[in-house]
Number of protein chains: 2
Amino acid sequence: MPVRLKDIAKELGVSAVTVSKALRDHPDIGQKTKDKILRRVKELNYRPNLTARSLVTGRSSLIGLVVPDLIHPFFSEIAKALSAALRQKGYFLIVASSDSDPALEQNEIEHMLQHRLDCLVVASCQKDAAGLRQVRTGGHLILLDRNFPGFSSNFVGIDDYKAGELAAEHLIAQGCRRLAHIRGPHNNVGNRRAEGFLAALKRHGLETPDSYILETRESADAAGEALGAEALDRLMAQAQRPDGIFCFNDLLAVGAMMRALETGVRIPQELAIIGCGNYHYCNKLGVPLSSVDQGAVEIGSRAAEMIASLIAQPTSNKPQTAILTPTLVVRASSQRQ
Amino acid sequence: MPVRLKDIAKELGVSAVTVSKALRDHPDIGQKTKDKILRRVKELNYRPNLTARSLVTGRSSLIGLVVPDLIHPFFSEIAKALSAALRQKGYFLIVASSDSDPALEQNEIEHMLQHRLDCLVVASCQKDAAGLRQVRTGGHLILLDRNFPGFSSNFVGIDDYKAGELAAEHLIAQGCRRLAHIRGPHNNVGNRRAEGFLAALKRHGLETPDSYILETRESADAAGEALGAEALDRLMAQAQRPDGIFCFNDLLAVGAMMRALETGVRIPQELAIIGCGNYHYCNKLGVPLSSVDQGAVEIGSRAAEMIASLIAQPTSNKPQTAILTPTLVVRASSQRQ
DNA sequence: TTGAAAGCGTTACCAC
DNA sequence: GTGGTAACGCTTTCAA
């Protein structure tokens, strides 16, 4: 049985309240009493029972994070950064992976809420915001990376429109004129990136045939590359081959690039490729992959700040939003000059 | 304010105890009463307060995991597998990253214990077991990947000696005769892998000069590659160059391989390279990297089983141990035939 | 500056 | 089958 606050109080001949005050250095306590208590606390290696504390204070010091996939570099970086930032504020991170399954995600969220989290952070893979609506009754909610039109919520993510623009501008600057896009799912993220990409092309007077915009299913890591490879085949089978591709994420880009190299397409001379996410292994590839960086580390730390601010707020004000600007990381796969 | 068990009881004209029984389908309750309660519970979207439940049952349904680095593919795979397996058993995973800092690790562990975890799982980066000794007073402890001689504890990991042997046998079978090893830290893992490697060489009558066994500092992800590159330079500067290298982990191997390719060394013809860990991006590299697979997913699920078994045990018996057998994954970097 | 009493939301125990 | 009562370990409030 672990030592309890009460045990220490009895042993030292003071009340439990006094010990409690000493531990949280409450002002209403004499220095001598406090020293005496803290010394004994250390000797006994006493650990306050946060469960009991939570019950009475109503705050758990637990923050929940639900992501589609913990192996995905983008999300593991966020998890790491968030966990580190929260630690300094005295919070703990509970993590769950939804395996990109909306039902499982909803399930995980429900379970998490039973732990009376101080805040829940979700990179959601839901089709719509229906499930998330009732979540909000449980406390603070922050959406990560992806939000839902019509669902007003705290949010941290990047400017996806800008990401698409950046990629397009870069490829055009490298001399590409026939630009294709292997796009992502039909949600806010996929749509905005495609829109930004196409808008930039239009500004430069470049036409993009419909057959240059390829759809892919949303996919877990394993399948993602295969989808990229398949999409590349479809692009290269066309009479007019594209000379530049922007892929929704690096996984698709890697798949596309590997297939291109296999089939003898020279990269970047014949075909420039750029992805999105800037996964940490991009620079280790046979041809290092250019990518639009989503700033996972900053997303994590901004989320931590937002959490602190939400918890500090006495009443729930209007939703907070942090939209970060993506940055371009140019490597060999798109560098033609 | 969320709905409480008590509220439901009052509304339905039954006692709190009865509602509690219905929720955990306790046998001592009539079917009709139970149905009535469960229906209302669902309507109200009631979520039991696990904090309160924990306080009275003494079990938190929280499992802690502390790893050196969440971005490290080996550990993120373990985290994912463990989290998935635990979910099915009704447990939750709390994750913390120690950034490979022993002091920070100890700190994280202390904090975690305050949450009254049902079990703590640690992939430790401590120098010795001193800090972990007093952790055990807090409940169950499982060491992951790395254990400490003289510290008897539950453990899940691979047979590191075997890992070294596998790598050596493979390189020898590929025709290598001058084998080098870029070794890991001087702990149980680094030592055993080196021992297994050298023992296999000896069995085949191969000599290994001391200058072929290179030391590296323990290092986080960013620096790991640089260390590998540096080690490769030292090896290739020798009069007699090695024709095969076993690296302690894939990060070192990638660094070494990239430097080798940069300097015009042909892989695997002049130099065969094999790493350890089988990171998910091994097959995406310019020259796909051979590796000894540590079975991260199985480590995660075995840990989950062990957790369940430890918690079920009324009294703490002798430590449980699961030593998995590593497997060889051959790719282009070492395949000479 | 200290502490007694009341409670946080739930479950265990044992009467009925 | 059902429910009253007493915890679980801590903090809050307020009187001394």
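Structure first, text after, so check above.
Residues numbered from 1 in each chain as written. Chains lettered and ligands numbered in written order. Predicted model: local features only at pLDDT ≥ 70, side-chain atom pairs only at ≥ 80, totals over all residues. Heavy atoms only, no water.

## Some words on the overall build of chain A
So the rule is basically this: Each helix is a run of DSSP H or I of at least 4 residues and each strand a run of E of at least 2, with the numbering of both proceeding from the N terminus. Three labels apply to residues, based on accessible area from a 1.4 Å probe with only protein chains included: buried if under 20% of the type maximum, exposed if over 50%, partly exposed otherwise in between. When checking whether two residues touch, look at their non-hydrogen atoms; a contact exists if any pair is within 4.5 Å. To measure how exposed things are, a 1.4 Å probe is used in the Shrake-Rupley method; for residues, cover is taken only from the protein chains shown.
Helix and strand content of chain A: twelve helices and twelve strands. With respect to the principal axes defined by its C-alpha atoms, chain A has extents near 90 × 40 × 30 Å. Burial status across chain A gives 55% buried among its 337 residues. Within chain A, counting contacts between residues at least 6 apart in sequence, those at least 24 apart form 69% of the total. As displayed, chain A offers around 14,300 Å² of accessible surface, 50% of which is attributable to carbon and sulfur atoms.

## Notes on the protein's contact with DNA strand D
What counts, and what does not: We define proximity as follows: a residue is near a molecule or strand when any one of its heavy atoms falls within 4 Å of that partner. Identification of polar contacts relies on pairs of N or O atoms within 3.5 Å, with a donor-acceptor requirement for protein atoms, meaning one able to donate a hydrogen and the other able to accept it, and with residues adjacent in sequence counted only if both atoms are side-chain atoms. Three residue categories are used. Nonpolar comprises Ala, Val, Leu, Ile, Met, Phe, Trp, Tyr, Cys and Pro, charged comprises Asp, Glu, Lys and Arg, and polar comprises the others, including Gly.
With respect to spatial proximity, 24 residues lie near DNA strand D, and among them A:Leu5, A:Ser20, A:Tyr46, B:Thr18 and B:Gly30 are the closest. Within 4 Å of the protein, atoms of DNA strand D come from sugar and phosphate in 71% of cases. In the environment of DNA strand D, a phosphate oxygen lies 2.8 Å from a nitrogen or oxygen atom belonging to the side chain of A:Arg24. Broken down by secondary-structure element, the contributors of at least two residues to the surface near DNA strand D are helix H1 (5-12), helix H2 (16-23) and helix H4 (50-57) of chain A together with helix H2 (16-23) and helix H4 (50-57) of chain B. With four residues, the single largest contributor to the surface near DNA strand D is H4(A). When its residues are assigned to classes, the surface near DNA strand D shows eleven nonpolar, seven polar and six charged.

## Points about the interface of chain B and chain A
It is common to give the size of an interface as the accessible area lost on bringing the parts into contact. Cut-off, in case you're wondering: Summed over both partners, buried area is the accessible surface (1.4 Å probe) that two parts give up on being assembled. Any carboxyl oxygen of Asp or Glu that lies within 4 Å of a side-chain nitrogen of Lys or Arg is treated as forming a salt bridge with it.
Counting residues at the interface gives 52 residues for chain B and 51 residues for chain A. Summed over both sides, the interface of chain B with chain A buries roughly 4,900 Å², with 59% coming from carbon and sulfur. When residues of chain B are sorted by the area they lose upon contact with chain A, B:Arg47, B:Phe92 and B:Lys284 head the list and together hold 16% of the total. There are ten salt bridges connecting chain B and chain A. Ionic pairing is found between B:Lys80 and A:Asp69, a salt bridge with its closest N-O pair at 3.3 Å. Remark: the boundary between chain B and chain A carries 16 residue pairs in polar contact (both at pLDDT 80 or more). Partitioning the side of chain B that touches chain A into residue classes produces 23 nonpolar, 18 polar and eleven charged.

## So, the pairing of strand S5 (residues 154-158) of chain A
In the case of a regular strand, side chains alternate between the two sheet surfaces. Residues and elements named next belong to chain A. So the rule is basically this: In this scheme, strands are said to pair when DSSP sees at least two bridges between them.
The element S5 is extensively covered by neighbouring structure, given that five of its five residues are classed as buried. Alternating residues of S5 divide into Asn154, Val156 and Ile158 and Phe155 and Gly157, and every residue in both groups is buried. Pairing of strand S4 (residues 140-144) with S5 involves three bridges; the strand directions are parallel. Across the sheet, the residue bridging to isoleucine 142 is asparagine 154, located in S5. Where S5 lies against strand S11 (residues 321-324), four bridges are found, and the strand directions are parallel. Note that in S11 the partner of phenylalanine 155 across the bridge is threonine 321.

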